[in-house]
Amino acid sequence: VGAAVTAQPARDRGGIRYAVTAAPTPEALLAEVAAEMHLMQELPEIETTLLIHPYALRAWDDFYPWIVLDAEGWLEREGLDEDFQIVGFHPGFCFGGEEADDPSHWTNRSPYPMTHILRQASVEKATAHHPNPMAVPEANKCLLRGLGVAHITQLVERCKRSSGE
């Protein structure tokens, strides 16, 4: 839908890697995140990786602490937080203070739990060329509200059908 500031340049250069893991546990998933990050270190043409994990951390209450404590904590312990960012997307994401069915939640939702690994340099380059990067989150919320829940639901269902679900 064109919401991510850093996605289009990476997509245009073929720098987005999509990986699906069958990791069943948070520990196995963290090992997969580490492997993907090491792959990105070896292959600079990969600017960003979307690691889709449909079996691990399906519940939002398990996913959020894992992203904040385990994944980001690992990144810091490994000294990679200057080079990479980790962002979580989850079907159960909700902004505090918003109605449960507000379309804006889809700025951080995905059909399946997903860990997004971004190169810090790519993020900095994309945001440096944006006239107002601090306004992007609110603009994305407005974009999704304009699309509406019905349209977003159709997009998600199409995604799930194309994945065989």
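Undergrad: I'm lost on the overall build of the protein chain in this one. Help?
TA: A count of helices and strands for the protein chain gives 5 helices and 4 strands. Overall, the protein chain shows an N-to-C arrangement of helices and strands of α-β-α-β-α-β-β-α-α. Scaling as 2.2 N^0.38, a compact globule of 165 residues should have a C-alpha radius of gyration of about 15 Å, and the protein chain matches this with 16 Å. Dimensions along the principal axes, computed over C-alpha positions, put the protein chain at roughly 40 × 40 × 30 Å. Approximately 9300 Å² of the protein chain is accessible, and the part contributed by carbon and sulfur atoms is 54%. The positive charge centre, built from 13 side chains, and the negative charge centre, built from 24, are 8 Å apart in the protein chain.

Undergrad: How do you make sense of a nonpolar patch on the surface when you look at a structure like this?
TA: Among the surface-exposed residues, Y64, V68 and L69 lie close enough to one another that they form a single nonpolar patch of about 290 Å² accessible area. Structurally, Y64 can be placed in helix α3 (residues 60–77).

Undergrad: I'm lost on the state of the cysteines in this one. Help?
TA: Think of a disulfide as a covalent bridge from one cysteine sulfur atom to another cysteine sulfur atom. Within this structure, the stated rule accounts for 0 disulfides. As a non-bridged cysteine, C142 has C94 as the owner of its nearest cysteine sulfur, 18 Å distant.

What counts and how
- Sequence order as written defines residue numbering, which begins from 1 separately in each chain.
- Side-chain atom pairs in this predicted model are given and counted only at pLDDT of 80 or more, local residue features only at pLDDT of at least 70, and totals for whole chains, interfaces and linings cover all residues.
- Side-chain calculation: all heavy atoms of the structure are included, whereas hydrogens and water are not.
- In this text, helices come from DSSP runs of H or I with a minimum length of four residues, and strands from runs of E with a minimum of two, each type numbered from the N-terminal end.
- In this description the radius of gyration comes from C-alpha coordinates, and the expected globular size is given by 2.2 Å times residues to the power 0.38.
- To measure how exposed things are, a 1.4 Å probe is used in the Shrake-Rupley method; for residues, cover is taken only from the protein chains shown.
- Residues scored as positive are Lys and Arg, those scored as negative are Asp and Glu, and His as well as the terminal groups of each chain are ignored.
- Where a charge sits is defined by one atom per residue type, namely NZ (Lys), CZ (Arg), CG (Asp) or CD (Glu).
- Patches were defined on residues exceeding 30% relative accessible area and lacking a salt bridge, with like-charge contacts within 9 Å and nonpolar side-chain contacts (Val, Leu, Ile, Met, Phe, Trp, Tyr) within 5 Å.
- For salt bridges, the criterion is a side-chain nitrogen of Lys or Arg within 4 Å of an Asp or Glu carboxyl oxygen.
- Here, the term disulfide refers to a pair of cysteine sulfur atoms separated by no more than 2.5 Å.

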